[in-house]
Each structure stands twice: as structure tokens, then as C-alpha cells.
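These are the residues of each chain, in order.
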Amino acid sequence: MPPSCGRLGSAATLESGPVDTPVELLLLTIAMLTVYVLGIGGTTAGAIRIRERWRRRTIDPASLEAHSGHEVVLSAPSLSPWLRRLRLLGWAAFPLALALAVFADRPYPWVTPLAVLLMVGLNAFYFTAMQNMGEELTLGPDAFRLGPAGKTTSVRWAHVTEFTGARVGAFSATKMSESDEWQDPRTKPNVIFYRLNRALVTPRKTALQRLLGFTYYDGVIRNAFGIPTAQLVRILRDWQRHALESEDVPIRPIRARP
């Protein structure tokens, strides 16, 4: 074979060789960031749209009054199943995209600050939007139930010793004042804490609740029902008083319905 042919063959081999490793990592980082943005960004946009449609509905206060022999169901905006799957996909890509941007793309110094800035901003929008999501609340003659069917938390009225409204934000929490106390108009309550009678029932708390110092109160109801929190506290207390005034108040704990 002539020497010229050998040189041509070597050049062809070099041209068809593998792509640079930094370039491959950069492309993989961009792919993971794209999946993260589509997953979390799409979930955030869907949550905002669901909340806006939810605000248009009206609730008759008379339908929330306590009566014997019937239940009241308060629905809250929640993510659809396909949005939950999209969110899971986004959170699965989040640690991979962050690790690649910080540790694997050092030849491209602009990738790390851009990825971190994008994640901080998008996560802030996501957690703000998710504060408007909630769980279904069912008020019954002897107990209230929180959560969808199959994942319900049931609490007897007779086991509750306190309902307290509060404002919980990203970095702060403020207890709602009583009716005879001054309330900062800028502090709008958005959750209701409840405490159980420890002599009647042993509260079960998750590892996250214990980690966050959730010791005094035993549960929380996120108010996403389109009702002012102060009014919802009064409704819960009315249902509790109505249950305690009845003659056959069940005291034993109940299990979640399947």
C-alpha cells in the first residue's frame, strides 16, 4: 500500500473518533436540566392554573354548619395524576443535573452559576405554588378525615383539645390571634394546627415532623378550601362542640378507611 494511503487511513480514523469527554458531560448536563425544568416547571404552571380555576367557585356558609347524621366534604385543589408523575420525573433529574453542573462541567465555568440560579428560582416558584395545594377535608358527626380515599387520616372530635390558626411561610410561622386580640392585617393565616388529648390517644408523627420540631401540636390542616382560616377554625369548633354535646360520643381511636 502506498504511504499516502496509510496517512489518509490514519486521518479518517482520527476524524471518526469519540467526542471529547467534557463535551459529552455538558450535553448530559443540558439534558438533565431540560428534564428538571420540564418536570418542575410544568408542575408549577399546572398548580397555578388549577388554583386560578379553584378561586372562581363559591361556597354557601350554611352548607358547612354542623348537623347530626350527615357529612360535609371540603375539596381542595390538588395535582392531577399526570402532574404528579411529571413532578416525580423532574425531582429525579434534579440531583443528577446539580451534581453534573457543579462537579463534572469544570471546563465550562459558566454552567455552575447558571444551573444554580435556575434551580433556586424555579424551586422558589414551585414551593410557593404548592402552598396553594391541599387535601380533602371531611367533617363527620364523630370525627373529621383529612386526605383522599385510601390515605385518610381520621381524628375523633373527642380526642382534640385545641384548634389554632397560624400563618406558615417559607421561613417563618405566626400564630393567629384570638378574637379579642389584635391581629396584624398583613399576617393572613393559612393553616390550622390541632392538638390531641395524650391521655386518650398516642399521636403518630412522621420523621419529618419530629425533625422540624413538631412537638406540641399533633397535626396540621392546610387551608386551601377557599374559606378564611378564622371562619374554618370556628366551623371546626362548632362541629366539635356539636359532637361533644351528643349522647353517644365514641372515644376509642378509629382506623383510616380503606
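The structure reproduced in this document is the subject of the present report. Residue numbers restart at each chain and count upward from 1, following the sequence in its written direction. Note on the predicted model: pLDDT of at least 70 is required for a residue's local features to be given, and 80 or more for side-chain atom pairs to be given and counted; whole-chain, interface and lining totals, by contrast, use all residues. Water and hydrogen atoms play no part in the side-chain values, which are based on all heavy atoms of the structure.

Description of the packing of helix 2 (residues 21-54) against helix 4 (residues 111-130)
- For helices, the fitted line uses only the C-alpha atoms of the stretch in contact; every axis is such a line through C-alpha atoms, and the angle between N-to-C directions lies from 0 to 180 degrees. Runs of E in the DSSP output that reach at least two residues are strands. Runs of H or I that reach at least four are helices, and both are numbered from the N terminus. At a closest axis distance of 9 Å, the pairing of helix 2 and helix 4 adopts a crossing angle of 20°. The orientation of helix 2 with respect to helix 4, classified from their angle, is roughly parallel. For the pair helix 2 and helix 4, the sense of crossing is left-handed. Of the residues in helix 4, those in contact with L26, T29, L33, Y36, V37, I40, G41, T43, T44, A47 and I48 of helix 2 are V111, A115, L118, M119, L122, N123, F125, Y126, A129 and M130. In what follows, roughly perpendicular refers to angles from 65 to 115 degrees, roughly parallel to angles under 35, roughly antiparallel to angles over 145, and oblique to any angle outside these ranges. By definition, any crossing whose near helix is turned counterclockwise from its far helix by less than a right angle is left-handed, and any crossing with a clockwise turn is right-handed. Contact criterion: two residues are considered in contact whenever any of their non-hydrogen atoms come within 4.5 Å of each other.

A word on the packing of aromatic side chains
- The aromatic pairing rule takes the rings of Phe, Tyr and Trp, using the six-membered ring of Trp, and pairs them if the centres are within 6.5 Å, calling planes under 30 degrees apart stacked, those over 60 edge-to-face and the rest tilted. Here the structure, examined in full by the defined rule, presents 11 aromatic pairs.
- Considering the side-chain rings of F144 and Y194, the 5.4 Å spacing of their centres and the 85° angle between planes classify their relative orientation as edge-to-face. One end of the pair, F144, is in strand 3 (residues 143-146); the other, Y194, is in strand 7 (residues 191-196), and 50 residues separate them in sequence. Accessibility assignment for this pair places F144 and Y194 in one class, buried.
- Through a chain of ring-to-ring contacts, three or more aromatic side chains come together here, namely Y36, W91, F94, Y126 and F127. Think of it in three bands: residues with accessible area under 20% of the maximum for their type are buried, residues over 50% are exposed, and the middle band is partly exposed, with areas taken using a 1.4 Å probe on protein chains only.

A few points about the sheet that holds strand 1 (residues 72-74)
- One requirement defines pairing of two strands: DSSP has to find at least two bridges between them. Taken in spatial order, the 4 strands of this open sheet run 1-2-3-4, and their pairing is antiparallel. Edge positions in the sheet fall to strand 1 and strand 4 (153-156), since each of these pairs with one other strand and no more. In this sheet, neighbouring strand axes are inclined to one another by 15° on average, regardless of whether the strands run parallel or antiparallel.
- For strand 2 (residues 137-139) and strand 3, the ladder comprises 3 bridges, and the chain directions are antiparallel. Bridged to T138 within strand 3 is R145.
- The strands that helix 6 (residues 229-245) touches are strand 1 and strand 2; relative to strand 2, the one it contacts most, it runs at about 40°.

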